[in-house]
Amino acid sequence: MGCCETLMRAILVIINVVVSVAGAVMLIVGGIFLAKGYEFFDGTDMENYSVSVDPVVIPMMVMGGILLLVGLIGCAGACSGKGGLLNVYFVIIGLVVIAELVVLIYGYIKKDDVKEAMEDGVTQLFIEYYSFAVKKNITSLSEDKILAVNSFQRVLGCCGIDKPSYWLSTDNTKYPPGCCDTWDGENYDKTGLQDCPEANVFKVGCREQTNSVLNDLGIIIIIIILAVIVFEIFCMIAACIAKKNDYLSA
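Predicted model, so just to flag it, every value in this text is computed and none were measured.

(A) Examining the packing of aromatic side chains more closely. Tallied over the full model, the rule gives six aromatic pairs. On the basis of an interplanar angle of 90 degrees and a centroid distance of 6.3 Å, the ring pair of Phe 126 and Phe 152 is categorised as edge-to-face. Of this pair, Phe 126 sits in helix H3 (residues 83–133) while Phe 152 sits in helix H4 (residues 143–156), placing them 26 residues apart in sequence. Neither Phe 126 nor Phe 152 differs from the other in exposure class; each is buried. Note on Tyr 130 and Tyr 166: the rings are 5.1 Å apart at their centroids and 45 degrees apart in plane angle, and the pair reads as tilted. Here the residue Tyr 130 occupies a position in helix H3, and Tyr 166 occupies one in the loop between H4 and helix H5 (206–242), the gap between them amounting to 36 residues.

(B) Spotlight on the nonpolar core. Among the nonpolar cores identified, the biggest contains 25 residues, and Phe 126, Tyr 129, Phe 152, Cys 159, Trp 167 and Tyr 175 are the most heavily contacted of them. At the level of elements, H3 and H4 are the ones that each hand at least two residues to this core. Among the elements that make up this core, the one with the highest residue count is H3 (seven residues). Once residues lying within four places of it in the same chain are set aside, the contact partners of Phe 152 are Met 118, Val 122, Phe 126, Leu 147, Cys 158, Cys 206 and Thr 210. Counting residues in hydrophobic clusters, the runner-up holds 19 residues, among them Val 19, Val 70, Ala 78 and Ile 93.

(C) Structural view of unusual backbone geometry. The phi angle at Lys 136 is positive, at roughly 60 degrees, despite the residue not being glycine. Note that Lys 136 resides in the loop between H3 and H4.

The rules behind the values
- Residues numbered from 1 in each chain as written.
- Predicted model: local features only at pLDDT ≥ 70, side-chain atom pairs only at ≥ 80, totals over all residues.
- Heavy atoms only, no water.
- Phe/Tyr/Trp six-rings, centres within 6.5 Å; stacked < 30°, edge-to-face > 60°.
- Helix = DSSP H or I, 4+ residues; strand = E, 2+ residues; numbered from the N terminus.
- Buried < 20%, exposed > 50% of the residue type's maximum accessible area, 1.4 Å probe, protein only.
- Core = buried A, V, L, I, M, F, W, Y, C linked by side-chain atoms within 4.5 Å.
- Contact = heavy atoms within 4.5 Å.

This is the structure we're talking about:
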């Protein structure tokens, strides 16, 4: 057995042990969440915005199971050097690479739909908040929605749907606390508005900021997926080199 094959086998073993452990952790964590039935905003007025964790947990468990299976096959193939196991490993990784490319292309095609859905959800909340705090067309708004609007503005560093003046009117010169960079993220007036010096008001509208964040996030996701694909191609090459000796000795 050559040094190159030995090195590739060692690398494959290390990589696939890590992959197996990661898969097992994802399965265990997902199983715990699924068994406990955790829900976001369960029992609150925000149920319509985010409810069950199942849409996140189930795919995570499926991915964990695949990682565990691939890792075990990779470890067994690398340790034994048997071409059959490494061939299976090679095919699985190849299918995963193809699937990732399909997801990448699909995500790129659907990116505008994701932005639109995000904008619609944010706009709906902002309109309700505006009706309560500024227009006073509704007499009350749940604490969850008040915190959601203000926390969103505070985290993204934005104010109003398109600009800070969205909140202003002839009868109102105050802003939601989330528009003010001095807000502590907890205390707020029951009216949903407070005085904030213009110098402390976020100048960017939340629509623009949301699009910017989603664009940056999309770039990060693309870079991560491409890096993973390159890594997986390296594993496929390593598997080919590791099984070379098996074929030569056959």
